[in-house]
Amino acid sequence: MTERYIGVFDSGVGGLTLLHRAQELMPHEHFLYYADSANVPYGNKPTVEIERLVDEAINEMMKQPIKAIVLACNTATSVSAARLRVNYDLPIIGMEPAVKPAVLEGDPRKTLVLATELTLRESKYKELVKSLNAEEKVDALPMQKLVDYAEEYEFESPELSRYLRTSFAGIQWDDYKSVVLGCTHFLYFKEMLSKFVPSHIHFIDGHDGTINHLSNQIARNPFGTTSKLKCLLSGHEVANEIVQPYLNFLNQRSSRFATS
Ligand code: DGL
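The structure presented is a predicted model; accordingly, all values stated were derived computationally and were not measured. (Residues numbered from 1 in each chain as written. Predicted model: local features only at pLDDT ≥ 70, side-chain atom pairs only at ≥ 80, totals over all residues. Heavy atoms only, no water.)

Student: What should I look at first to understand the layout of surface pockets in this one?
Tutor: Remark: the empty space left among the atoms is shown by a probe the size of a water molecule rolled over them. Its volume calculated, the largest pocket comes out at about 270 Å³. Lining the largest pocket are 15 residues, with Gly-94, Glu-96, Gly-206, Gly-209 and Thr-210 sitting closest to its centre. Elements that contribute at least two residues to the lining of the largest pocket include exactly helix H4 (99-104) and helix H10 (207-217). Taken together, the residues of the lining of the largest pocket sort by class into 7 nonpolar, 5 polar and 3 charged. (1 Å grid on protein atoms, 1.4 Å probe; cavity = no way out; pocket = protein on both sides within 12 Å on 5 of 7 lines; lining within 4 Å. Points joined across faces, edges and corners; volume = space filled by probe spheres on them. Helix = DSSP H or I, 4+ residues; strand = E, 2+ residues; numbered from the N terminus. Nonpolar A, V, L, I, M, F, W, Y, C, P; charged D, E, K, R; others polar.)

Student: Which parts of the structure should I look at to understand the site of the ligand?
Tutor: In the vicinity of the ligand there are 15 residues, among which Ser-11, Tyr-42, Gly-43, Thr-75 and His-185 approach most closely. In the model, an oxygen atom of the ligand is placed 2.7 Å from a nitrogen or oxygen of the Ser-11 side chain. Measuring from an oxygen atom of the ligand, one finds a side-chain N or O atom of Thr-75 at 2.6 Å. Relative to its unbound accessible surface of 300 Å², the ligand loses 100% to contact with the protein. More than half of the atoms of the ligand fall within 2 Å of the grid points belonging to the second largest cavity. Of the residues assigned to the shell around the ligand, the class counts are 6 nonpolar, 8 polar and 1 charged. (Near = heavy atom within 4 Å. Polar contact = N/O pair within 3.5 Å; in protein donor to acceptor, adjacent residues only side chain to side chain. Areas by Shrake-Rupley, 256 points an atom, 1.4 Å probe, with all protein chains shown as cover. Sits in = over half its atoms within 2 Å of the grid points.)

Student: Before we go on, may I ask you to explain the packing of aromatic side chains in this structure?
Tutor: Centre-to-centre distance and the angle between the planes together describe a pair of aromatic rings. Scanning the model with the defined rule gives 14 aromatic pairs in all. Centroid distance Phe-155 to Phe-189: 5.5 Å. Interplanar angle 65 degrees. Geometry classified as edge-to-face. Pair noted here: Phe-155 is in the loop between helix H7 (145-151) and helix H8 (158-167) and Phe-189 is in the loop between strand S7 (176-181) and helix H9 (190-194), with a separation of 34 residues, a long-range link. Taken together, a centroid distance of 6.1 Å and an interplanar angle of 85 degrees make the contact between Phe-155 and Tyr-246 edge-to-face. (Phe/Tyr/Trp six-rings, centres within 6.5 Å; stacked < 30°, edge-to-face > 60°.)

Student: How should the sheet that holds strand S3 (residues 66-71) be read in this particular structure?
Tutor: Adjacent strands of a sheet pair through backbone hydrogen bonds, lying either parallel or antiparallel. What the 6 strands build is an open sheet, ordered S4-S3-S1-S2-S9-S10; its pairing is mixed. Edge strands, defined here as strands with exactly one partner in the open sheet, are strand S4 (92-93) and strand S10 (236-238). (Pairing = 2+ DSSP bridges.)

Student: Just to check I follow, could you spell out the sheet that holds strand S5 (residues 110-115) for this structure?
Tutor: Spatial ordering of the open sheet is given by S6-S5-S7-S8, a layout of 4 strands whose pairing is parallel. The open sheet terminates on both sides in strands that have one partner only, identified here as strand S6 (138-142) and strand S8 (202-204). Recorded for the sheet is a direction-independent mean angle of 25 degrees between the axes of neighbouring strands. The pairing of S5 with S6 spans 5 bridges and is parallel. Pairing of Thr-111 across the sheet is with Val-138, part of S6. (Axes fitted to C-alpha atoms, helices over the stretch in contact; angles between N-to-C directions.)

Student: Looking at this model, I keep getting lost on the packing of helix H2 (residues 47-61) against helix H3 (residues 74-87). Mind explaining?
Tutor: Helix packing for two helices is described by the angle between their axes and how far apart those axes are. Where H2 meets H3, the closest approach of the two axes is 9 Å, and the angle between their N-to-C directions is 55 degrees. With respect to each other, H2 and H3 are oriented oblique. Here H2 runs over H3; the crossing is right-handed. On H3, the residues touching Thr-47, Ile-50, Glu-51, Val-54, Asp-55 and Ile-58 of H2 are Ala-76, Val-79, Ser-80, Arg-83 and Leu-84. (Parallel < 35°, antiparallel > 145°, perpendicular 65-115°, else oblique. Left-handed = near helix turned anticlockwise from the far one by under 90°. Contact = heavy atoms within 4.5 Å.)

Student: When you look at the environment of Ser-167 in this model, what are you seeing that I'm missing?
Tutor: Structurally, Ser-167 can be placed in helix H8. Taking the C-alpha atoms as reference, Ser-167 lies 24 Å from Gly-15; in sequence the two are 152 residues apart. Among all residues touching Ser-167, those that are not within four sequence positions of it are Leu-141 and Met-143.

Student: Explain empty space enclosed by the protein here, please?
Tutor: What the rule picks out here adds up to 4 cavities of 30 Å³ or more. The space that makes up the second largest cavity amounts to roughly 70 Å³.

Student: How do you make sense of the nonpolar core when you look at a structure like this?
Tutor: Most often, soluble globular proteins have nonpolar side chains that are buried together. With 56 residues, the main nonpolar core has Leu-114, Phe-168 and Tyr-188 as its most contacted residues. Setting aside anything within four residues of it in sequence, one finds Leu-114 in contact with Leu-141, Met-143, Phe-168, Val-179, Val-180, Leu-181, Gly-182, Cys-183, Phe-186 and Leu-193. Membership of the second largest hydrophobic core comes to 24 residues, among which are Tyr-34, Ile-66, Leu-84 and Leu-118. (Core = buried A, V, L, I, M, F, W, Y, C linked by side-chain atoms within 4.5 Å. Buried < 20%, exposed > 50% of the residue type's maximum accessible area, 1.4 Å probe, protein only.)

Student: Explain the pattern of salt bridges here, please?
Tutor: Side chains carrying opposite charge are able to pair once their charged atoms draw close together. All told, the structure shown has 12 salt bridges when counted by the stated rule. Between Glu-96 and Lys-124 there is a salt bridge, with its nearest N and O atoms 3.0 Å apart. You can see Glu-96 sitting in the loop between S4 and H4 and its partner Lys-124 sitting in helix H6 (residues 123-131), a full 28 residues away along the chain. Note that Arg-162 and Glu-159 form a salt bridge whose closest N and O atoms lie 3.8 Å from each other. Taken together, the positions of Arg-162 and Glu-159, both in helix H8 and 3 residues apart, correspond to about one turn of that helix. A relative accessible area of 47% means that Arg-162 is categorised as partly exposed. (Salt bridge = Lys/Arg side-chain N within 4 Å of Asp/Glu carboxyl O.)

Right, dumping it as structure tokens:
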């Protein structure tokens, strides 16, 4: 019996935020991280192109010994999750902006959902908001450029500050109580974002919920306690050192800043 990996997929480095948390919560599991870094970003491309790119990436992942796939990408989930679940006979866990926990908090003030352009224009997001009867309770703001900043490992800079200031210029924060980080790339900026919003705003993400769902869907790794990591970039295996700076950044941050 071979050791099987949990496959974690994203367009780029965003899914490492999910991987990092999953390694903390499931230390006995092996993970295969697949980034389609030749084609990142996804969120500003046409839907049909993302469908094709995700199909190609998942086909590549299926050549590896994996027991489940997490689409650690809200954008890929919104266009491909339903179809992939029909085509493949293994658990496929998607991610969607955490609107539900935000709405269930019961605070009458609104929530601002930050995500990619594609996630916010897709029907999956609109149906999610409608199903929660939350049309009046949530507003959406695409922040596509944060994906580029994350890919550049630029988590603090005058340009980034300018981008955040301009993006939030029209927001009446008194009307809001929370911000949903609806793109995995955005988790890197939680600390930075908190400097640009008033202190009553809290951040919500779907990472822990997704990992909880994942662990209910899989058989636990029976091969002991050490966790392996294998990384592929658009089909090519690479040394884990490539992703290490991002995991180090998240390590430092999680020791200073509690994840929500
Ligand atoms: N990290 C992805 C998400 O959660 C996609 C970002 C992108 O490639 O535009 O939506």
